[in-house]
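Coordinate analysis (summary)
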Amino acid sequence: NGYLVPFNDKFMLAEVIMKLHKNPDLAKKMGNEGYKKVLEKYTWDKVYQETEELYQELIDTKKT
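What counts as what
Residues numbered from 1 in each chain as written. Predicted model: local features only at pLDDT ≥ 70, side-chain atom pairs only at ≥ 80, totals over all residues. Heavy atoms only, no water. Helix = DSSP H or I, 4+ residues; strand = E, 2+ residues; numbered from the N terminus. Buried < 20%, exposed > 50% of the residue type's maximum accessible area, 1.4 Å probe, protein only. pLDDT = per-residue confidence, 0-100. Salt bridge = Lys/Arg side-chain N within 4 Å of Asp/Glu carboxyl O.

Turning our attention to the overall build of the protein chain. If you tally the helices and strands in the protein chain, you get 3 helices and 0 strands. Each helix and strand of the protein chain, ordered N terminal to C terminal, gives the series α-α-α. When the backbone C-alpha atoms are referred to their principal axes, the protein chain occupies close to 55 × 25 × 15 Å. For the protein chain, the residues scored as buried account for 5% of the 64 residues in total.

Now the structure itself:
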């Protein structure tokens, strides 16, 4: 769903951009996979659920 490019590596970033520009099917596939990942992990409902679970775990730990 994406490439990892080291911070400030403008040459590698340019290579990745050119690779995706030359291969629109790959770019579309990666975009779809990234979108799917966002829906699975990063919606407000998911963030709320994980935060609530963490708080509950901390509360339970403090009680013991």
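Picking up after the structure, the text goes on.
This next bit is on the confidence of the model for the protein chain. Of the residues in the protein chain, 98% have a pLDDT of 70 or more, and the chain-wide mean is 95. Model confidence for the protein chain, summarised as mean pLDDT per element, is weakest for helix α3 (residues 44-63) at 93 and strongest for helix α1 (residues 10-22) at 98.

Inspection of every chain in the model, using the stated rule, returns 1 salt bridge. Among the ionic pairs, K36 bridges to E33, the shortest N-O distance being 3.5 Å. Of the two residues, K36 and E33 are both situated in helix α2 (residues 24-41); the distance of 3 residues between them amounts to about one turn of the helix. Among the residues examined, K36 registers a relative accessible area of 41% and is labelled partly exposed.

Let us now look at the environment of T51. Here T51 lies in helix α3. Separated by 36 residues in the primary sequence, T51 and E15 place their C-alpha atoms 38 Å from one another.

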